[in-house]
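Letter by letter, the chains look like this.
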Amino acid sequence: MEIILQPSAERAVGLTAQLIAKSVRENPRLALGLATGRTMEAVYARLARMHREDALDFRKVRTFNLDEYVGLPADDPHSYRHYMTRHFFEPVGIPAHHTFLPDGMAQDLDAECRAYEEKIKALGGIDLQLLGIGNDGHIGFNEPLSALMSRTRPKALSPETLAQNGPLFGDPTRMPRRALTMGVGTILESRRALMLVTGAAKADILAQAVEGPITSMISATALQLHPHCVVIADEAAAAELRGTAYYRRVFETEPEWAEFR
Ligand code: GLP
């Protein structure tokens, strides 16, 4: 794992978008794993700008989202399908048939989850998986006690997640209590993983996720097992980390980061 510290949320978002853009330019048919949440909105806005101003071309990219709420149709403004269409798919011009999310309205949710895994496999696996982190340490909706080898499946949302995302529903009681989510094992199979964490509210959970022991209580700790994972954090989110001097030196001196300094 590499931890890259940036002086501001804006710079952290900018670097995340640059890394994604570089991957798309290197491989126009990239299989890109995507995340939702407030943190990612700024990343998608930045990529949309690169699409408009720098001709960043997403037409051949295929996307797989981490998760979707159970019981929300695609046109519900709170569904992740709706979020993605609004913030990313339409602004960057990804054809709808290249975009995949698990269907939270499926009659048979287990069959839908199995089919989602098959789809990822059929398209050759995920090249680059974008990730945020929940206040309880979840990646996707892998709530505490998610098996480190779990696959895409229905998952009951934790009280902390209901508290974190409930306000987005206006009336928090309207928030679904379940979601379909890629498993921790599914995420670990992505060729590269890129986690973005910003803001003081995430400082404690970020330190536990990257410097603490691996535990299914905090599914983000599983990223320590990932062979190629980069974590980008702003100073506020990095406040509780112990190894900052080392992380700064890596970014400032390692050749692979030269073009991004
Ligand atoms: C949701 C998503 C997660 C995401 C998290 C972060 O819970 N299921 O994949 O990491 O939001 O949210 P935010 O960026 O709003 O803090």
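Residues numbered from 1 in each chain as written. Predicted model: local features only at pLDDT ≥ 70, side-chain atom pairs only at ≥ 80, totals over all residues. Heavy atoms only, no water.

Draft legend 1. Spotlight on the overall build of the protein chain. A count of helices and strands for the protein chain gives 8 helices and 10 strands. Relative to the globule expectation of 18 Å for 261 residues, the C-alpha radius of gyration of the protein chain, 17 Å, shows essentially globular dimensions. Projected onto its principal axes, the C-alpha coordinates of the protein chain cover approximately 55 × 40 × 35 Å. Buried residues in the protein chain amount to 56% of all 261 residues. When contacts within the protein chain are restricted to residue pairs at least 6 apart in sequence, those whose partners lie at least 24 apart make up 78%. If you sum the accessible surface of the protein chain, you get close to 11500 Å²; carbon and sulfur atoms cover 52% of it. Taken as two groups, the 29 positive and 33 negative side-chain charges of the protein chain have centres that lie 4 Å from each other. (Helix = DSSP H or I, 4+ residues; strand = E, 2+ residues; numbered from the N terminus. Rg over C-alpha atoms; globule rule 2.2 N^0.38 Å. Buried < 20%, exposed > 50% of the residue type's maximum accessible area, 1.4 Å probe, protein only. Contact = heavy atoms within 4.5 Å. Areas by Shrake-Rupley, 256 points an atom, 1.4 Å probe, with all protein chains shown as cover. Lys, Arg positive; Asp, Glu negative; His and termini not counted. Charge placed at Lys NZ, Arg CZ, Asp CG, Glu CD.)

Draft legend 2. Seen up close, the site of the ligand. Taken together, 15 residues are adjacent to the ligand, and R38, T39, D67, H138 and K202 come closest. In this structure, an oxygen atom belonging to the ligand sits 2.9 Å away from a side-chain N or O atom of H138. Contact between the ligand and Q164: an oxygen atom at 3.1 Å from a side-chain N or O atom of the residue. Protein chains shield 96% of the accessible area of the ligand, which is 390 Å² for the free molecule. Listed by contribution, the elements that provide at least two residues to the shell around the ligand are α2 (38–54) and α5 (159–165). (Near = heavy atom within 4 Å. Polar contact = N/O pair within 3.5 Å; in protein donor to acceptor, adjacent residues only side chain to side chain.)

Draft legend 3. Main features of the sheet that holds strand β10 (residues 229–234). If you walk across this open sheet you meet the 7 strands as β1-β10-β9-β6-β2-β3-β5, and the pairing is parallel. Of all strands in the sheet, those with a lone pairing partner are β1 (2–6) and β5 (99–100), marking the two edges. Relative to strand β6 (residues 128–131), α2 is tilted by about 130 degrees, and along the sheet it contacts β2 (31–34), β6 and β9 (192–197). The strands touched by helix α3 (residues 80–92) are β2, β3 (62–65) and β5; relative to β2, the strand with the most contacts, the crossing angle is about 120 degrees. (Pairing = 2+ DSSP bridges. Axes fitted to C-alpha atoms, helices over the stretch in contact; angles between N-to-C directions.)

Draft legend 4. Structural context of the sheet that holds strand β7 (residues 153–156). The 3 strands lie next to each other as β4-β8-β7, forming an open sheet whose pairing is antiparallel. Among the strands making up the open sheet, the edge pair consists of β4 (67–69) and β7. The mean inter-strand angle of the sheet, taken between neighbouring strand axes irrespective of direction, is 30 degrees. Relative to strand β8 (residues 178–181), β4 runs antiparallel, the two being bridged by 3 bridges. In the strand pairing of β8, E68 is matched with L180.

Draft legend 5. Representation of the pattern of salt bridges within the structure. Evaluated as defined, the whole model comprises 9 salt bridges. Where D127 meets R191, a salt bridge forms, and the shortest distance between an N and an O atom there is 2.7 Å. Within this pair, whereas D127 is found in the loop between α4 (109–122) and β6, its partner R191 is found in the loop between α6 (184–188) and β9, the two being separated by 64 residues in sequence. What you see here is one network of salt bridges that share partners, running through K22, E26 and E259. (Salt bridge = Lys/Arg side-chain N within 4 Å of Asp/Glu carboxyl O.)

Draft legend 6. Examining the nonpolar core more closely. Judged by nonpolar contacts, the single largest core of 78 residues is most densely connected at L47 and F88. No other element matches helix α1 (residues 9–26), which puts 8 residues into this core. In this view, F88 contacts L32, L34, Y44, L47, F58, Y83 and I94; residues no more than four positions away in its chain are not counted. Of all hydrophobic cores here, the second largest spans 5 residues; its members include A106, L109, C113 and L180. (Core = buried A, V, L, I, M, F, W, Y, C linked by side-chain atoms within 4.5 Å.)

That is the geometry; function is a separate question.
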